[in-house]
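For reference, the chains in residue letters:
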Amino acid sequence: MRSDDSPSRRTVGRLAPSPTGGLHLGHARTFLIAWLASRSEGGRMILRIEDLDSTRVRAEARRGMIDDLQWLGLDWDEGPDIGGDQGPYVQSERIERYATALDRLQADQRVYPCTCTRAEIARAASAPHSEDEGPSYPGTCSGRSADEAGPLHHRPFAWRFRVPEGVVSWDDAVLGPSIGDPRQVGGDFLVARNTIGPSYQLAVVVDDAAMGINQVIRGDDLVSSTPRQILLYQALGLQPPTFGHVPLAVDPGGRRLAKRDGSLKLATLRETGVDPRRLVGALLQSCGWSDSVQPAWPREWIGRVDLARLRPEPWVVTPEWIQSLQNGRP
Ligand code: GLU
Ligand code: ZN
């Protein structure tokens, strides 16, 4: 799929779920696509658990996610259940690595300490934004240098990345040539909080780089994070991976699939006796890669998918679709 690969560069992809609830059909589709993308290039696969958001993580969810992925017929070469050279594969066990990266960003003055409260950040914003991530940070604290954090330690503050001027571009494996302007979307972004620890943006870059991941296929709800992550790769002197963003699964009203809807959960499908091969066939049909539903294991599709020909619109999951899956005839 990549034309600029040197023969020595073996593809390494990853599945990076957050254990905040059971996986649903949208995850199944995105992970199936990510798995096939790497395996079709003869690539390796890594499973990493992203559990930094302690307010949302549920202890029992990790085992359930692994069961869900295995039920679907996906496997991995390194992960929390089987180990590997680049472990641990659970983010909460990798905290010191993020601290090292933050030290470097501080030393290079790529970050500054921000003491704004959320309310202050919202009030100071003037430009309207369509993003659901909230308004762009107005740069209130950007005059501070990284060395000025010392006296702030008695109160909560955040480290923000100083976003440079200009657009960031990448060649998306699904969307094609893409650009983003992180100054317009979010502005200087958070990489850590002194009381809570690293942000998603910093942890994901540090881990993907440390684990040798060179292919990141994920949902397109994360597309606005990609320019930020590319900036972090550059600031840390690291090589960014190939990114590919897969259209999300939505309900008939156009809303993102909600974790609270049990009928969409893989665990429910599994318990009601749905054949995972049928689900895989139905997901591949939804991608536009086959005309009919042909039950199959993911491994039977290795080498037969083309990310550039993935159906570009959101995948609408209807109750009828789920019903027919349960009846064995989608
Ligand atoms: N752990 C993130 C999530 O489940 C995905 C991160 C990523 O793919 O970059 O939303
Ligand atoms: Zn601030």
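The rules behind these values
- Residues numbered from 1 in each chain as written.
- Chains lettered and ligands numbered in written order.
- Predicted model: local features only at pLDDT ≥ 70, side-chain atom pairs only at ≥ 80, totals over all residues.
- Heavy atoms only, no water.
- Near = heavy atom within 4 Å.
- Polar contact = N/O pair within 3.5 Å; in protein donor to acceptor, adjacent residues only side chain to side chain.
- Nonpolar A, V, L, I, M, F, W, Y, C, P; charged D, E, K, R; others polar.
- Salt bridge = Lys/Arg side-chain N within 4 Å of Asp/Glu carboxyl O.
- Helix = DSSP H or I, 4+ residues; strand = E, 2+ residues; numbered from the N terminus.
- Buried < 20%, exposed > 50% of the residue type's maximum accessible area, 1.4 Å probe, protein only.
- Donors = N, O, S within 2.8 Å, 3.2 Å for Na, K, Ca; no water.
- Tetrahedral: all angles 85-135°; square planar, octahedral: opposite > 155°, others 65-115°.
- Core = buried A, V, L, I, M, F, W, Y, C linked by side-chain atoms within 4.5 Å.
- Contact = heavy atoms within 4.5 Å.
- Pairing = 2+ DSSP bridges.

*Asks:* Provide a residue-level description of the site of ligand 1, including the pertinent values.
*Replies:* Taken together, the residues surrounding ligand 1 are Arg 14, Ala 16, Ser 18, Glu 50, Tyr 200, Val 204, Arg 218 and Leu 222. Ala 16 is positioned such that a nitrogen or oxygen atom in its backbone is 2.8 Å from a nitrogen atom of ligand 1. Between Tyr 200 and ligand 1, the recorded distance is 2.7 Å, taken from a side-chain N or O atom to an oxygen atom. Among the residues forming the shell around ligand 1, the class breakdown is four nonpolar, one polar and three charged.

*Asks:* Pulling in residues and values, what's your account of the pattern of salt bridges?
*Replies:* All told, the structure shown has 18 salt bridges when counted by the stated rule. Arg 94 serves as the salt-bridge partner of Asp 207, at 2.6 Å between the closest nitrogen and oxygen. Here Asp 207, found in helix H5 (residues 200–210), pairs with Arg 94, found in the loop between helix H2 (61–71) and helix H3 (95–107); they are 113 residues apart in sequence, far enough to count as distant. Like Arg 94, Asp 207 is buried. Among the charged side chains, a network of salt bridges with common partners joins Arg 14, Arg 48, Glu 50, Arg 94, Asp 207 and Asp 208.

*Asks:* Run through the coordination of the zinc ion (ligand 2), naming residues and quoting values.
*Replies:* Around the zinc ion (ligand 2), the donor atoms from the protein are Cys 114 (SG), Cys 116 (SG), Tyr 137 (OH) and Cys 141 (SG), and they sit 2.0 to 2.3 Å away. Note that the zinc ion (ligand 2) binds four donor atoms; their angles at the metal cover 102 to 123°, and the shape is tetrahedral. Every donor residue of the zinc ion (ligand 2) comes from the same chain, spaced as C-x1-C-x20-Y-x3-C. Of this pair, Cys 114 sits in strand S3 (residues 111–114) while Tyr 137 sits in the loop between helix H4 (118–124) and strand S4 (158–161), placing them 23 residues apart in sequence.

*Asks:* So, the nonpolar core: which residues are in play, and what are the values?
*Replies:* In terms of nonpolar packing, the biggest core is built from 49 residues, with Leu 25, Leu 269, Leu 279, Trp 289, Val 317 and Trp 321 touching the most fellow members. Mapped by element, the contributors of at least two residues to this core are helix H1 (25–40), strand S2 (44–47), H2, helix H7 (266–271), helix H8 (276–286) and helix H9 (319–327). Per element, the largest residue contribution to this core is nine residues, and it comes from H1. The residues touching Val 317, leaving out its near neighbours within four places in the chain, are Leu 25, Ala 249, Val 250, Asp 251, Pro 252, Leu 257, Leu 264 and Ile 322. Val 111, Tyr 233, Ala 235 and Leu 236 belong to the second largest nonpolar core, which has 35 residues in total.

*Asks:* Give me the sheet that holds strand S7 (residues 190–193): which residues, what numbers.
*Replies:* Spatially, four strands are ordered S3-S4-S7-S8 in an open sheet, and the strand pairing comes out antiparallel. Each edge of the sheet is formed by a strand with only one pairing partner; in this case those strands are S3 and strand S8 (197–198). Bridge analysis of S3 against S4 gives four bridges, and the strand direction is antiparallel. Following the sheet pairing, Val 111 is matched in S4 by Phe 161.

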